[in-house]
Amino acid sequence: MRAGVARDDFEAYALPRASVARTAVLTAVFGLVPVVLALLWLTRGTAHWPAVIWVADVAVVVGLICYWRYSVSFVGVTADEFIKRGWLPGFVRLRRERIAAVVVVRTYRSDSADTVPQLFATDSDGAPLFRMRGTYWSEEAIALVAETLGSPTTTVPKPLSFSELYRQYPGSRSWYEGRPVLAALAVVVVFALAAGGLTVLWGVLSGS
């Protein structure tokens, strides 16, 4: 049971792409293991090597939490509600009658001719309610949700660039999309906080 609803109560139910989690795990492993081994080599014979293990353990725990969040993500449609649990903060649960319109469109990947589907829904005032990105959800999942919702659906016939998508459907844009400076600043802040936290932890554990 997820989100207080039994699996049998869903008219449509889908999980995110497993390939995204596998890629993230492999990237983390191949990125973390060489660094940890190098630090262990540099601290061999000193009192600092346990701190390396502890810092690595913290990184692994954070990674496992992210993996767990992704593994419990799902999207589902019941007779009365639409429910979407993503791996990032932001849980969507709303009555189906609030969904006045659905748009399905393909967008180009960054610097590529490949396309992925996007689905977003709005209420009767045109305010955005939720979005399903093809990066995380399969085409079958997006098509299933659109069909099951039964709301008036517009399928855009030709792929759009993200700039065209935001211009034609401004409600589809998240706060960071199409704002490279803001997105880059957010990434820098997150990495700075993470690096600072690990540095403080290293100092505490190593006694320096």
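As the structure is a computational prediction, the values presented were derived from the model and not from experiment.

The rules we used
Residues numbered from 1 in each chain as written. Predicted model: local features only at pLDDT ≥ 70, side-chain atom pairs only at ≥ 80, totals over all residues. Heavy atoms only, no water. Buried < 20%, exposed > 50% of the residue type's maximum accessible area, 1.4 Å probe, protein only. Helix = DSSP H or I, 4+ residues; strand = E, 2+ residues; numbered from the N terminus. Pairing = 2+ DSSP bridges. Patch = residues over 30% accessible without salt bridge, like charges linked within 9 Å, V, L, I, M, F, W, Y side chains within 5 Å. Areas by Shrake-Rupley, 256 points an atom, 1.4 Å probe, with all protein chains shown as cover. Salt bridge = Lys/Arg side-chain N within 4 Å of Asp/Glu carboxyl O. Axes fitted to C-alpha atoms, helices over the stretch in contact; angles between N-to-C directions. Contact = heavy atoms within 4.5 Å. Phe/Tyr/Trp six-rings, centres within 6.5 Å; stacked < 30°, edge-to-face > 60°. Lys NZ or Arg CZ within 6 Å of the ring centre and 35° of its normal. Parallel < 35°, antiparallel > 145°, perpendicular 65-115°, else oblique. Nonpolar A, V, L, I, M, F, W, Y, C, P; charged D, E, K, R; others polar. Polar contact = N/O pair within 3.5 Å; in protein donor to acceptor, adjacent residues only side chain to side chain. Expected span 1.5 Å × (residues − 1).

Asker: Would you mind going over the pairing of strand 6 (residues 115–122) with me for this structure?
Answerer: On a regular strand, each side chain points to the face opposite its neighbour's, so the side chains alternate between the two faces of the sheet. Most of strand 6 is tucked away, with seven of its eight residues classed as buried. Between the antiparallel neighbours strand 5 (residues 101–108) and strand 6 lie six residues, among them Asp111 with a positive phi of about 55°. For strand 6 and strand 7 (residues 128–133), the ladder comprises five bridges, and the chain directions are antiparallel. Bridge pairing in strand 7 links Leu119 to Met132.

Asker: Is there a simple way to think about a nonpolar patch on the surface in this case?
Answerer: A cluster of nonpolar residues, Val25, Leu26, Val29, Phe30, Val33, Leu37 and Tyr67, forms a patch on the protein surface that exposes about 680 Å² of accessible area. The element contributing the most residues to the nonpolar patch is helix 1 (residues 18–42), with six residues. With respect to the element layout, Val33 can be found in helix 1.

Asker: Would you mind showing me how to read the sheet that holds strand 3 (residues 81–85) here?
Answerer: Adjacent strands of a sheet pair through backbone hydrogen bonds, lying either parallel or antiparallel. Spatially, 1-2-3-4 is the arrangement adopted by the four strands of the open sheet, whose pairing is antiparallel. Bordering the open sheet on either side are strand 1 (12–14) and strand 4 (91–95), each of which pairs with just one other strand. Across this sheet, the average inter-strand angle for adjacent strands is 5°, counted without regard to direction. As paired elements, strand 1 and strand 2 (residues 74–77) share three bridges and run antiparallel to each other. Bridge pairing in strand 2 places Tyr13 opposite Gly76.

Asker: I would appreciate a short explanation of the environment of Arg69 in the present structure.
Answerer: Mapped onto the elements of the fold, Arg69 is located in helix 2 (residues 49–71). C-alpha of Arg69 to C-alpha of Trp87: the two residues are 18 residues apart in sequence and 4.8 Å apart in space. Excluding anything up to four places from it in sequence, Arg69 contacts Gly86, Trp87 and Leu88.

Asker: Honestly, the packing of aromatic side chains in this entry has me stumped. Any pointers?
Answerer: Each aromatic ring pair is characterised by the separation of its centres together with the angle its planes make. Scanning the model with the defined rule gives five aromatic pairs in all. Here Phe10 and Phe74 contribute two aromatic rings whose centre-to-centre distance is 5.9 Å and whose plane-to-plane angle is 75°, an arrangement assigned as edge-to-face. Of this pair, Phe10 sits in the segment before strand 1 while Phe74 sits in strand 2, placing them 64 residues apart in sequence. No difference in accessibility class separates Phe10 from Phe74, as the two residues are buried. Between Tyr13 and Phe74, the aromatic rings sit 5.4 Å apart at their centres with planes inclined by 20°, giving stacked as the arrangement. On the criterion of sequence distance, the pair formed by Tyr13 in strand 1 and Phe74 in strand 2 is long-range, its members being 61 residues apart. Members of the aromatic cluster, connected to one another through ring pairs, are Phe10, Tyr13 and Phe74. Sitting over the ring of Trp41, Arg44 keeps its end group 3.9 Å from the ring centre.

Asker: Sorry if this is basic, but what is going on with the packing of helix 1 against helix 2 here?
Answerer: A packed helix pair is summarised by two numbers, namely the angle formed by the two axes and the spacing between the axes. Between helix 1 and helix 2, the least distance of the axes is 11 Å, while the angle of their chain directions is 175°. Considered as vectors, helix 1 and helix 2 are oriented roughly antiparallel to each other. Only Trp49, Val52, Ile53, Ala56, Ala59, Val60, Tyr67 and Tyr70 of helix 2 make contact with helix 1, whose side of the interface consists of Val20, Ala21, Val25, Leu32, Val36, Leu39 and Leu40. Its residues placed into classes, the contact of helix 1 with helix 2 shows 15 nonpolar, no polar and no charged.

Asker: What's the story with the side chain of Thr107 in this structure? I'm lost.
Answerer: As for its position among the elements, Thr107 is in strand 5. For Thr107, a relative accessible area of 0% puts it in the buried group. Within the structure, the side chain of Thr107 is placed 3.1 Å from the side chain of Gln118, a separation counted as a polar contact. Beyond its immediate chain neighbours, meaning those up to four positions away, Thr107 contacts Asp114, Thr115, Val116, Gln118, Leu160, Phe162 and Leu165.

Asker: Can you help me understand helix 2 in this one?
Answerer: Because an α-helix completes one turn every 3.6 residues, residues spaced three or four positions apart along the sequence face the same direction. The terminal C-alpha atoms of helix 2, which comprises 23 residues, lie 33 Å apart, in line with the 33 Å expected from a rise of 1.5 Å per residue. Among all positions of helix 2, only Ala51, Val52, Val55, Ala56 and Tyr70 are buried.

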